[in-house]
Amino acid sequence: MSLLQVQGLCKAFGGVRAVDQVDFALAPGELLALIGPNGAGKSTLFNMIGGQLAPSAGSIRLDGREIAGLSPRRIWARGVGRTFQVAATFGTLTVAENVQMALLSHQRRVFSFWRGAAAQHRGQALALLEQVDMREQADRPCSELAYGDVKRVELAMALSNAPRLLLMDEPTAGMAPAERHALMGLTRRLVDERGMAVLFTEHSMDVVFAHADRIVVLARGRLIAQGPPAQVREDARVQEVYFGRGSTFAAGPGEGA
Ligand code: ADP
Ligand code: MG
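Residues numbered from 1 in each chain as written. Chains lettered and ligands numbered in written order. Predicted model: local features only at pLDDT ≥ 70, side-chain atom pairs only at ≥ 80, totals over all residues. Heavy atoms only, no water.

Judged by nonpolar contacts, the single largest core of 47 residues is most densely connected at Val99, Leu129, Val132 and Ile215. It is helix α6 (residues 147–158) that provides the largest number of residues to this core, a total of six residues. Look past the residues within four positions of Val99 in its chain and what remains in contact with it is Ala125, Leu128, Leu129, Val153, Ala156 and Met157. With 27 residues, the next largest nonpolar core counts Leu26, Phe46, Ile67 and Ile75 among its residues. (Core = buried A, V, L, I, M, F, W, Y, C linked by side-chain atoms within 4.5 Å. Buried < 20%, exposed > 50% of the residue type's maximum accessible area, 1.4 Å probe, protein only. Helix = DSSP H or I, 4+ residues; strand = E, 2+ residues; numbered from the N terminus. Contact = heavy atoms within 4.5 Å.)

What follows is about the site of ligand 1. All residues in the neighbourhood of ligand 1 are listed as Phe13, Val16, Ala18, Pro37, Asn38, Gly39, Ala40, Gly41, Lys42, Ser43 and Thr44. Within the backbone of Gly39, an N or O atom sits 2.7 Å from an oxygen atom of ligand 1. In this structure, an oxygen atom belonging to ligand 1 sits 2.8 Å away from a side-chain N or O atom of Lys42. Protein coverage of the free-state accessible area of ligand 1, which is 560 Å², stands at 56%. Secondary-structure elements contributing two or more residues to the shell around ligand 1 are β2 (16–26) and α1 (42–50). No other element matches α1, which puts three residues into the shell around ligand 1. Partitioned by chemical class, the residues of the shell around ligand 1 number five nonpolar, five polar and one charged. (Near = heavy atom within 4 Å. Polar contact = N/O pair within 3.5 Å; in protein donor to acceptor, adjacent residues only side chain to side chain. Areas by Shrake-Rupley, 256 points an atom, 1.4 Å probe, with all protein chains shown as cover. Nonpolar A, V, L, I, M, F, W, Y, C, P; charged D, E, K, R; others polar.)

In this section: α1. Burial runs high along α1: seven of the nine residues are buried. Regarding α1, the residues found buried are Lys42, Thr44, Leu45, Phe46, Met48, Ile49 and Gly50. Of the residues trailing α1, Gly51 is marked for its positive phi of about 95°.

Next comes the structure, spelled out in structure tokens:
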């Protein structure tokens, strides 16, 4: 049974078909990588699932219920969490306070935080930090953290409404290779422990092939291949369209951008 079902999904910007007739599904407990060259439509697809963009056509169902075109807040309330490429923590607050803020925001009670309700949700925040191996740094200001640790705090914040589906747009951007693998290893553990599904975009082919259960490949808005890593790696169309004729994954597009 699919948790997420995307069918015939399209988004046009003027004459550009950024996402064109895309179909795929995602099951609970699955870690799915979305890859493709720059401009392939990955972010556009993410933004339609998260509600930041309304589709031009097609359907996005969560547990069989249509969510296409709903506001980000309503989609989030149905159990879709998201992390962003740009760090979104408050540097002046501590690690624990950032997670407490995320917990409070679910109740539209952010302002009570500033009226001295800081102790609220402290226990819950610490439990979430434990899950991302950041419990020991709970009382440090976020501004003092290493970049990889900020990403862990963001992951804890995204987990604060217990999402069934987590969208991670380039979660490891700006990280060194060892940090990338550590963050995705942690994500894997959370997927297994919580039965949560994760859809992520990632530039490092090493990371994608090491951690994803399944890969969806986009090129110019179209889904050109999907399947387990070993199958996608061998796909002639993927090699040609995504990596350039005759090139190999080892000599792929590399990092960044
Ligand atoms: P990716 O994330 O795979 O790099 P995007 O989804 O950002 O690709 O972009 C897909 C295509 O849609 C590109 O041609 C891009 O220029 C275009 N596009 C994306 N967002 C907009 C927008 N807001 N307005 C116009 N064109 C856009
Ligand atoms: Mg993008």
